[in-house]
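# Working through the structure, step by step
Below are the chains, spelled out letter by letter.
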Amino acid sequence: MIFTECTEILLLFYFKTSIKISRVQLTFRALRVKCTGKKICFPEAYCPGGDKMTTENDTERPSLKSILKQPGNDICADCGAPDPQWGSCTLGVLLCHGCSGIHMTIMEISKIKPLVDSKWADSEVQFLAAHGNKVAKLKYETAVPIYYHRPKYLDAQILKEQWIKAKYERQEFMDPMKRQTYQEELREGYLMKRGRDNGQYLSRRFVLTEKEGTLKYYTKEDNKVPKVAIKVDVINATFQPEKIGHSNGLQISFLKDNRTRNLFLFHEDGRVMVDWFNAIRAVQFRWLKLAFPAAPDQELTTRMMRMYVKEGFMEKTGPRQTEVFKKRWFTLDNRRLMYFKDPLDAFAKGELFLGQKDLGYSASPGLPEGRECGEWSHGITVTTPERSYVFTCESEGDQQDWLRHFNKVINSVMSPQDFAMESLLKHR
């Protein structure tokens, strides 16, 4: 090829990518050359018809589609969401869209790319094929404590953020001898707590002690006696960012005088808040080990803190047909259905226990004959051995969702702890 005048030429070559996704993609290879009237010779690798033509997308390398079919690669490596759409070229893991965004905050460790419509070098694909989620799990999760909360894809964002940073950035779970702050026997620090009456958030000193199995908080620095001392075996803690209005918002619920009491907390540092959460879980697990020494560790984790089954607004009325429907915030916690005037109330206004079906419990759509709805028309009737409770929902979708959760609980077999809770609520 000879050019008679000096010019810059952009040569484009087409080649098929060896990444076989849902469609055949065409990619461009560009080579800029300068000519000065001399003959320009191109290497065989750049000749469209050359027998020795090679590209970064060599047809002999494993395809991304085949890598996704490897065991463990069909879900996100960090939260378990199905059908990952991203990959980390440096960690060798497959990720969902949500977790890929978190990996973008640790780009010095994790270089990520979309699996579709992105150029992957041979070395990157080979690395991903040689590693994958199973290999990464063995490396980065080898020493995760059994009580540590491994977030799922529906969990609060702060849990997923700190889980990913703990795994890859801080590498907390690679050395079983490395002790973390949430494993200490005594933990002390300041958290912002919402006032029970005025709704203001003020700094309060919290102390968690494994020896006593308690979480305490103090209203003043020099106080010797705590405002509240909570036994860890009755604590449930869940992250509630939307309800609390802070991305690191944590709700702690416990029984006080046989009534459900809520504390609403946050800390500006997400790591601090998640460490408190897992520290409470650690102490709770150790006390469960003392209470049930013969129980397997995995069984004990099922008795620990848990996410609420469902929360949301419904209208309710009392047992007399003359009572009007009132809008209330409901929380279904295992078999306990609690209701509050406001989602941030410190105390539940009331609660009922949902036992199992063959003991006289049921949940059905609609209202009893002769009972009229309030503002909302999608009714639910929950029947217990003592009485029937009537609720209404704003939409049919809400009604069906509540019914699905109610009946899932009612159709399950009660545990000894459930029978104890039923007795406690009936005789308080």
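Let us look at the structure shown here. (Residues numbered from 1 in each chain as written. Predicted model: local features only at pLDDT ≥ 70, side-chain atom pairs only at ≥ 80, totals over all residues. Heavy atoms only, no water.)

### Quick look at the layout of surface pockets
Volume-wise, the largest pocket comes out at about 840 Å³. Taken together, 29 residues form the lining of the largest pocket, with Asp233, Arg303, Arg306, Gln417 and Met421 sitting closest to its centre. Elements with a contribution of two residues or more to the lining of the largest pocket: strand E11 (250–256), helix H7 (270–291), strand E15 (336–340) and helix H10 (416–426). Its residues assigned to classes, the lining of the largest pocket shows 14 nonpolar, eight polar and seven charged. Counting contributing residues per domain, the lining of the largest pocket is built from domain 2 (181–303) and domain 3 (310–427), each supplying no fewer than three. Taken as a whole, the second largest pocket encloses approximately 580 Å³ of empty space. Considering the residues around the second largest pocket, the lining is formed by 19 residues, among which His149, Lys152, Asp155, Arg306 and Met307 are closest to the centre. Looking at side-chain class alone, the lining of the second largest pocket contains ten nonpolar, four polar and five charged residues. Here the lining of the second largest pocket spans two domains, and each of domain 1 (64–169) and domain 2 (181–303) adds at least three residues to it. (1 Å grid on protein atoms, 1.4 Å probe; cavity = no way out; pocket = protein on both sides within 12 Å on 5 of 7 lines; lining within 4 Å. Points joined across faces, edges and corners; volume = space filled by probe spheres on them. Helix = DSSP H or I, 4+ residues; strand = E, 2+ residues; numbered from the N terminus. Nonpolar A, V, L, I, M, F, W, Y, C, P; charged D, E, K, R; others polar. Domains from an automatic or database assignment.)

### Some words on the sheet that holds strand E17 (residues 362–365)
Sheet strands pair by backbone hydrogen bonding; their relative direction is either parallel or antiparallel. Across the sheet, which stays open at both edges, the seven strands sit in the order E16-E15-E14-E13-E19-E18-E17 with antiparallel pairing between neighbours. Edge strands, defined here as strands with exactly one partner in the open sheet, are strand E16 (350–353) and E17. Averaged over all neighbouring strand pairs, the angle between strand axes comes to 35°, with direction disregarded. One ladder, built from seven bridges, connects strand E13 (residues 310–317) with strand E14 (residues 326–333); its direction is antiparallel. Along E14, the bridge assignment pairs lysine 310 with leucine 332. On the sheet, H10 packs against E15 and E16 and is oriented at approximately 135° with respect to E16. (Pairing = 2+ DSSP bridges. Axes fitted to C-alpha atoms, helices over the stretch in contact; angles between N-to-C directions. Contact = heavy atoms within 4.5 Å.)

### Here's the deal with the nonpolar core
Counting 57 residues, the largest nonpolar core has Tyr148, Tyr168, Leu208, Leu215, Ile235, Phe239 and Ile252 as the members making the most contacts within it. If one sorts the elements of this core by residue count, H7 sits on top with ten residues. Lining this core are residues from two domains, each supplying at least three of them: domain 1 (64–169) and domain 2 (181–303). Leave out the neighbours within four places in its chain, and tyrosine 148 touches Gln162, Trp163, Ala166, Phe173, Tyr182, Val274, Asn278 and Arg281. Residues Leu352, Tyr361, Phe391 and Ile410 belong to the second largest nonpolar core, which totals 22 residues. (Core = buried A, V, L, I, M, F, W, Y, C linked by side-chain atoms within 4.5 Å. Buried < 20%, exposed > 50% of the residue type's maximum accessible area, 1.4 Å probe, protein only.)

### Re the packing of helix H5 (residues 157–169) against H7
Closest axis-to-axis distance for the H5/H7 pair is 10 Å, and the angle between their directions is 95°. Taken together, the axis directions place H5 and H7 in an arrangement best described as roughly perpendicular. Touching Ile158, Leu159 and Gln162 of H5 are Gly270, Arg271, Val274 and Phe277, all from H7. Considered class by class, the residues forming the contact of H5 with H7 number four nonpolar, two polar and one charged. (Parallel < 35°, antiparallel > 145°, perpendicular 65-115°, else oblique.)

### Focus: helix H4 (residues 132–140)
All of the buried residues along H4 are Gly132, Asn133, Ala136 and Tyr140. Axial view of H4: buried residues confined to an arc of 120°, hence all on one face. In H4, the exposed positions that point more than 90 degrees away from the buried face belong to Lys134 and Leu138. Among the structural elements, strand E4 (94–95), helix H3 (122–130) and H5 are those in contact with the buried residues of H4. (Arc of directions from axis to C-beta.)

### Details of a positive patch on the surface
Positive charge collects at one region of the surface, where Arg259, Lys326, Lys341 and Lys349 lie side by side. Relative to the elements of secondary structure, lysine 349 occurs in the loop between E15 and E16. (Patch = residues over 30% accessible without salt bridge, like charges linked within 9 Å, V, L, I, M, F, W, Y side chains within 5 Å. Areas by Shrake-Rupley, 256 points an atom, 1.4 Å probe, with all protein chains shown as cover. Salt bridge = Lys/Arg side-chain N within 4 Å of Asp/Glu carboxyl O. Lys, Arg positive; Asp, Glu negative; His and termini not counted. Charge placed at Lys NZ, Arg CZ, Asp CG, Glu CD.)

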